[in-house]
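Below are the chains, spelled out letter by letter.
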Amino acid sequence: TKMEGRNGYRFFHPEMQRMAEFRLSMEQELHRAIQGQEFTLHYQPQVDTEGRTVGLEALLRWQHPTMGTLGPDKYIGIAEETGLIVPLGRQILRMACGQLQIWKAQGFQGTMAVNISARQFRDPYFVKDVQDALAETGVDPGSLLLEITESVFLDNLEESIEKMEDLCATGIRFSVDDFGTGYSSLTYLKRLPLYEIKIDRSFTRDAVSNDFSRAIIRTIVTIAEHLQMTVIAEGVETDDQQKTLIELGCRRFQGYYTGRPVPADQIFAEQKKSDQ
Ligand code: C2E
Ligand code: CA
Ligand code: CA
Ligand code: CA
């Protein structure tokens with residue numbers, strides 16, 4: 001190719017160029033979509049052993065003008081790397097809190113869980129952004145649960161603890177997402193102001209058939225009890241999985257079995273159907 005140097009060394013591989021072009025156009029697309037408010041949220045129920053919806057998780061969707069509804073996996077990484085997750089994250093917090101306030105007025109008493117990326121959490125205005133979203137929508141801080149992964153606090157434990165404590169002091173609670181998939185030790189758990197541990201989908205998936213996954217789940221439940229934290233299992237797809245999780249001491253569930261992520265206008269409509 002033209003990019004090949006005199007000694008035959010390729011400075012720029014065509015594949016890399018395509019990647020760079022894709023990223024640049026994606027960045028521009030994301031920027032435009034944030035301005036144009038093309039992002040929406042779907043909501044997935046979190047249920048107790050009686051099947052009652054005790055919480056909802058907000059999950060990002062892009063209402064793309066030509067490509068339809070896009071889940072976050074394809075673009076969330078680029079939004080993080082470019083820093084666009086910061087303004088997007090502000091929109092997400094406002095949308096989730098605004099919707100929660102509507103449901104609260106209709107009698108919903110559960111919590112709203114919002115995913116926070118590492119880049120967003122590290123932003124110097126993060127605490128203020130969260131407080132602004134609450135103030136503007138009138139949501140009580142005790143109804144908001146921020147889901148963070150281990151990667152969020154591992155980089156800078158002391159600073160993260162401080163930030164989390166500032167938010168906890170206002171009544172906001174934290175949940176640690178995808179728990180058990182990172183490389184961290186269990187010891188940080190007792191140092192962080194965490195309300196909830198989310199058992200990763202990979203353990204839920206194997207719970208019925210795999211002794212080792214069951215042992216991990218049992219361990220997480222035991223540790224959570226000691227630290228007075230709540231446990232929720234994610235990715236519950238079958239009745240067998242839920243039964244196994246109950247046997248292992250888990251009392252909260254989220255997954256396709258009890259409800260898929262759906263647009264706001266469908267979430268309580270579906271529940272009414274199943275109540276009949
Ligand atoms: P996550 O936080 O672990 O979210 C759970 C993912 O599992 C969601 O995928 C959800 O749709 C999916 N899921 C729920 N129940 C089941 C099940 O029973 N089986 C299976 N196979 N999957 C299930 P989704 O919506 O595509 O989100 C993917 C990831 O993108 C999320 O993983 C989260 O890390 C990130 N994300 C989603 N929304 C946001 C957001 O608003 N902000 C940020 N920063 N990240 C987000
Ligand atoms: Ca999550
Ligand atoms: Ca998760
Ligand atoms: Ca995840």
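Before reading further, recall that the structure is shown in the block above.
Reading the values: rules and limits
- Residues numbered from 1 in each chain as written.
- Chains lettered and ligands numbered in written order.
- Predicted model: local features only at pLDDT ≥ 70, side-chain atom pairs only at ≥ 80, totals over all residues.
- Heavy atoms only, no water.
- Helix = DSSP H or I, 4+ residues; strand = E, 2+ residues; numbered from the N terminus.
- Buried < 20%, exposed > 50% of the residue type's maximum accessible area, 1.4 Å probe, protein only.
- Contact = heavy atoms within 4.5 Å.
- Lys, Arg positive; Asp, Glu negative; His and termini not counted.
- Charge placed at Lys NZ, Arg CZ, Asp CG, Glu CD.
- Donors = N, O, S within 2.8 Å, 3.2 Å for Na, K, Ca; no water.
- Core = buried A, V, L, I, M, F, W, Y, C linked by side-chain atoms within 4.5 Å.
- Polar contact = N/O pair within 3.5 Å; in protein donor to acceptor, adjacent residues only side chain to side chain.

Chemist: Give a detailed account of the overall build of the protein, specifying residues and quantitative values.
Modeler: Counting its regular elements, the protein contains 11 helices and 9 strands. On the principal axes, the C-alpha backbone points of the protein span a range of 70 × 45 × 40 Å. Going through the 276 residues of the protein one by one, you find that 44% of them count as buried. Long-range contacts, defined here as pairs at least 24 residues apart, represent 64% of the contacts in the protein between residues at least 6 apart. Of note, the protein has its 30 positive side-chain charges centred 3 Å away from the centre of its 40 negative side-chain charges.

Chemist: Any chance you could break down the coordination of the calcium ion (ligand 4) for me, citing the residues and the numbers?
Modeler: For the calcium ion (ligand 4), the full set of protein donor atoms is Asp178 (OD) and Asp178 (OD), and the range of their distances to it is 2.7 to 3.2 Å. In this structure, the calcium ion (ligand 4) lies 6.0 Å from the calcium ion (ligand 2).

Chemist: Any chance you could break down the environment of Ile197 for me, citing the residues and the numbers?
Modeler: Tracing the backbone through its elements, the reader meets Ile197 in strand S7 (residues 196-199). Sequence separation between Ile197 and Val221 is 24 residues; the distance between their C-alpha atoms is 8.9 Å. Leave out the neighbours within four places in its chain, and Ile197 touches Val176, Phe179, Leu189, Ile220, Ala224, Met229, Thr230, Val231 and Ile232.

Chemist: Lay out the nonpolar core in plain terms, naming residues and giving numbers.
Modeler: Residues Leu30, Phe39, Met112, Val114, Val130 and Leu146 are the most contacted members of the largest nonpolar core, which totals 72 residues. Take this core: its biggest share by element is 9 residues, from helix H3 (residues 85-105).

Chemist: Can you explain the side chain of Thr137? Please cite residues and give values.
Modeler: Along the chain, the position of Thr137 falls in helix H5 (residues 126-137). In terms of polar contacts, Thr137 uses its side chain to reach the backbone carbonyl oxygen of Ala133, at 2.6 Å. In contact with Thr137, not counting residues within four places along its chain, are Arg94, Cys97, Gly98 and Gln101.

Just geometry here; none of it tells us what the structure is for.
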